[in-house]
Amino acid sequence: MTPPTRAELITYLVRTGIAGHVDTPRQNNLRHYRRLVQKDPYHQFGLTFSHDWTFSEVLSLMSKRCGVVGDEEYVWGIDTIDPDLTIDALEALADRLALAAERRESVMFATGHPRNLLETYQAWKDALVRCGCTVVTAAGGYSYEVTTERPPNRRIVVWKGDVALVTDGHLPRHSHHPFAMRAILGELSGRGEPWPQLVIADHGYAGAAGEAGVPTVGFADCNDPALFLAEHEGKLLVTVPLDDGYLPEDYAPLRDYVLARAGLL
């Protein structure tokens, strides 16, 4: 498949709703921003911040970095992700992948959206491996309890195609938690092995890696402000704004655009 041009990708992102007018409602965005300000761990993704962010500051940053409507009086309806900001971040991500390929770095991939982003991560992982990069894995089988669910449920770390995710013992599960990445990095340290030189992840996987000081690029929806704040504070290299709830094949043009930009297609 011929990768799209920037203009073609913008058109595609807007047409599908991956960027532009997105399905995540404005009221959901604002509720999540408030919960982050209130230091709700579920929305902090394992990150700490240099100062106590206010709601107005978070909204202002999300308008600048993600493209949501910046008006505090707009509290209900459709919200937006700026497709130009999405592609700017994808290009920065691609440039970092190209550097990893050139240096033959060790890399790690992990996702809290296994039903949506797993195939994209696997494609990028395969491309880097072909260039001589090594993939770091650890802590397979580690489990933790999600106490916020009733009844509490257990999550288990598994590696599928060398991409970390969690399951409930049967099916892959969506996850915001930082616990899996903390366990992965902890086991590597315990074995005396180096951490990866680059992490490509989302949600708590990206947050925990960035908090630990690992060079990290992440994906985040417009209702997940933590990674954008972390990028602003220098804990993440890049945060890509996009709607992260689409089918795997819907991300194929985006996936190919990054590979082409990185010289890995």
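Calculation rules
- The written sequence of each chain sets the order in which its residues are numbered from 1.
- Where local features are concerned, this predicted model is filtered to residues with pLDDT of at least 70; where side-chain atom pairs are given and counted, the filter is 80 or more; whole-chain, interface and lining totals use all residues.
- Working from all heavy atoms in the structure, the side-chain values ignore hydrogens and water.
- To define a nonpolar core, start from buried Ala, Val, Leu, Ile, Met, Phe, Trp, Tyr and Cys residues and group those joined through side-chain atoms within 4.5 Å.
- Throughout this description, buried means an accessible area under 20% of the type-specific maximum (1.4 Å probe, protein chains only), exposed means over 50%, and partly exposed covers the range between.
- In this description, contact between two residues means that some pair of their heavy atoms is separated by no more than 4.5 Å.
- Secondary structure is summarised from DSSP: a helix means a run of H or I of at least four residues, a strand means a run of E of at least two, and numbering begins at the N terminus for each.
- What counts as a ring pair is set by centres within 6.5 Å for rings of Phe, Tyr and Trp (its six-membered ring), and what kind of pair is set by the plane angle: stacked under 30 degrees, edge-to-face over 60, tilted for all other angles.
- Pairing between strands is defined by DSSP: at least two bridges between them are needed.
- Cysteine sulfur pairs qualify as disulfides if the two atoms are within 2.5 Å.
- Here, a salt bridge means any Lys or Arg side-chain nitrogen found within 4 Å of an Asp or Glu carboxyl oxygen.
- For a helix, the expected span equals 1.5 Å multiplied by the residue count minus one.
- Whenever a nitrogen or oxygen atom comes within 3.5 Å of another N or O atom, the pair is scored as a polar contact, on the condition that within protein one atom can donate a hydrogen and the other can accept it, and that pairs from neighbouring residues in sequence are kept only if both atoms are in side chains.
- All axes are obtained by fitting lines to C-alpha atoms, using only the stretch in contact for helices, and the reported angles, taken between N-to-C directions, cover 0 to 180 degrees.
- Comment on the angle field: the value is read as roughly parallel under 35 degrees, roughly antiparallel over 145, roughly perpendicular from 65 to 115, and oblique elsewhere.
- Take the far helix as your reference; a near helix turned counterclockwise from it by less than a right angle gives a left-handed crossing, and one turned clockwise gives a right-handed crossing.
- When residue character is reported, Ala, Val, Leu, Ile, Met, Phe, Trp, Tyr, Cys and Pro are called nonpolar, Asp, Glu, Lys and Arg charged, and the others, Gly included, polar.

K.L.:
Got a minute to help me understand the nonpolar core in this structure?
P.N.:
As a rule of thumb, soluble globular proteins bury nonpolar side chains together. The biggest cluster of nonpolar side chains holds 85 residues, and the ones touching the most others in it are Leu97, Trp124, Leu128, Met181, Ile200 and Phe219. The residues touching Phe219, leaving out its near neighbours within four places in the chain, are Leu90, Leu93, Leu117, Tyr121, Trp124, Ile200, Ala201, Asp202, His203, Leu227, Val240 and Leu242.

K.L.:
Help me understand unusual backbone geometry in this model?
P.N.:
The phi torsion of most residues other than glycine is negative, and most of the peptide bonds are trans. Despite not being glycine, Lys39 has its phi angle at roughly 65°, a positive value. Among the residues examined, Lys39 registers a relative accessible area of 47% and is labelled partly exposed. One non-glycine residue, Arg104, lies in positive phi territory at about 55°. Mapped onto the fold, Arg104 is located in the loop between α5 (83-103) and β3 (106-110). Judged by relative accessible area, which is 59%, Arg104 ranks as exposed.

K.L.:
For this particular structure, what's the right way to read the packing of aromatic side chains?
P.N.:
For any pair of aromatic rings, the description consists of the separation of the ring centres together with the inter-plane angle of the planes. Considering all chains together, one arrives at six aromatic pairs under this definition. On the basis of an interplanar angle of 45° and a centroid distance of 6.1 Å, the ring pair of Phe109 and Tyr121 is categorised as tilted. Linking Phe109 in strand β3 with Tyr121 in helix α6 (residues 118-130), this pair joins segments that are 12 residues apart in sequence. What makes Phe109 buried here is its relative accessible area of 0%. On the basis of an interplanar angle of 70° and a centroid distance of 5.1 Å, the ring pair of Tyr144 and Phe179 is categorised as edge-to-face.

K.L.:
Teacher, can you tell me more about the pairing of strand β6 (residues 153-160) here?
P.N.:
Along a regular strand, successive side chains alternate from one face of the sheet to the other. Bridge count for strand β5 (residues 143-146) against β6 is four bridges, and the pairing is antiparallel. Pairing of Ser143 across the sheet is with Ile156, part of β6. The antiparallel hairpin formed by β5 and β6 contains six residues in its connecting segment. Across five bridges, the pairing between β6 and strand β7 (residues 163-167) is antiparallel. Within β7, the position partnered with Ile156 by the bridge is Thr167. Between β6 and β7, which pair antiparallel and follow one another directly, the connecting turn spans two residues, one of which, Gly161, has a positive phi of 60°.

K.L.:
Quick question: what am I supposed to make of the state of the cysteines here?
P.N.:
Disulfide: a covalent bond connecting the sulfur atoms of a pair of cysteines. Scanning the model with the defined rule gives zero disulfides in all. Free of any disulfide, Cys222 has its nearest neighbouring cysteine sulfur in Cys66, separated by 5.3 Å.

K.L.:
Honestly, the pattern of salt bridges in this entry has me stumped. Any pointers?
P.N.:
Two side chains that carry opposite charge are able to pair once their charged atoms sit near each other. All told, the structure shown has 16 salt bridges when counted by the stated rule. The shortest N-O distance in the salt bridge between Arg261 and Asp95 comes to 3.0 Å. Taken as a pair, Arg261 in helix α10 (residues 252-262) and Asp95 in helix α5 lie far apart in primary sequence, 166 residues in all. Taking the relative accessible area as the measure of exposure, Arg261 reaches 41% and is therefore partly exposed.

K.L.:
Help me out: how do you make sense of the environment of Glu187 in this one?
P.N.:
On the secondary structure map, Glu187 appears in helix α7 (residues 179-190). You can call Glu187 partly exposed: its relative accessible area is 32%. Sequence separation between Glu187 and Thr137 is 50 residues; the distance between their C-alpha atoms is 9.7 Å. Non-local contacts of Glu187, meaning those with residues more than four positions away in its chain, are made with Ala138 and Ala139.

K.L.:
What's the story with α5 in this structure? I'm lost.
P.N.:
Structural remark: α-helix, 3.6 residues per turn; residues separated by three or four positions point the same way. The end-to-end C-alpha separation of α5 is 30 Å, in line with the 30 Å expected for 21 residues at 1.5 Å each. Every buried residue of α5 is listed here: Pro83, Thr86, Ile87, Ala89, Leu90, Glu91, Leu93, Ala94, Arg96, Leu97, Ala100 and Ala101. Of the residues flanking the start of α5, the one acting as N-cap is Asp82, its side-chain oxygen 2.8 Å from the backbone nitrogen of Asp84. Taken from the residues just after α5, Arg104 is the one with a positive phi, measuring 55°.

K.L.:
I'm lost on the packing of α5 against α10 in this one. Help?
P.N.:
The relative placement of two packed helices comes down to the angle between their axes together with the axis-to-axis distance. Their axes nearest at 8 Å, the elements α5 and α10 cross at an angle of 50°. In terms of orientation, α5 lies oblique with respect to α10. Of the two possible hands of crossing, α5 and α10 adopt the one that is right-handed. For the pair formed by α5 and α10, the contact residues are Ile87, Leu90, Glu91, Leu93, Ala94, Asp95, Leu97 and Ala98 on the first element and Leu254, Tyr257, Val258, Arg261 and Ala262 on the second. In terms of residue class, the contact of α5 with α10 is made up of 10 nonpolar, no polar and three charged.

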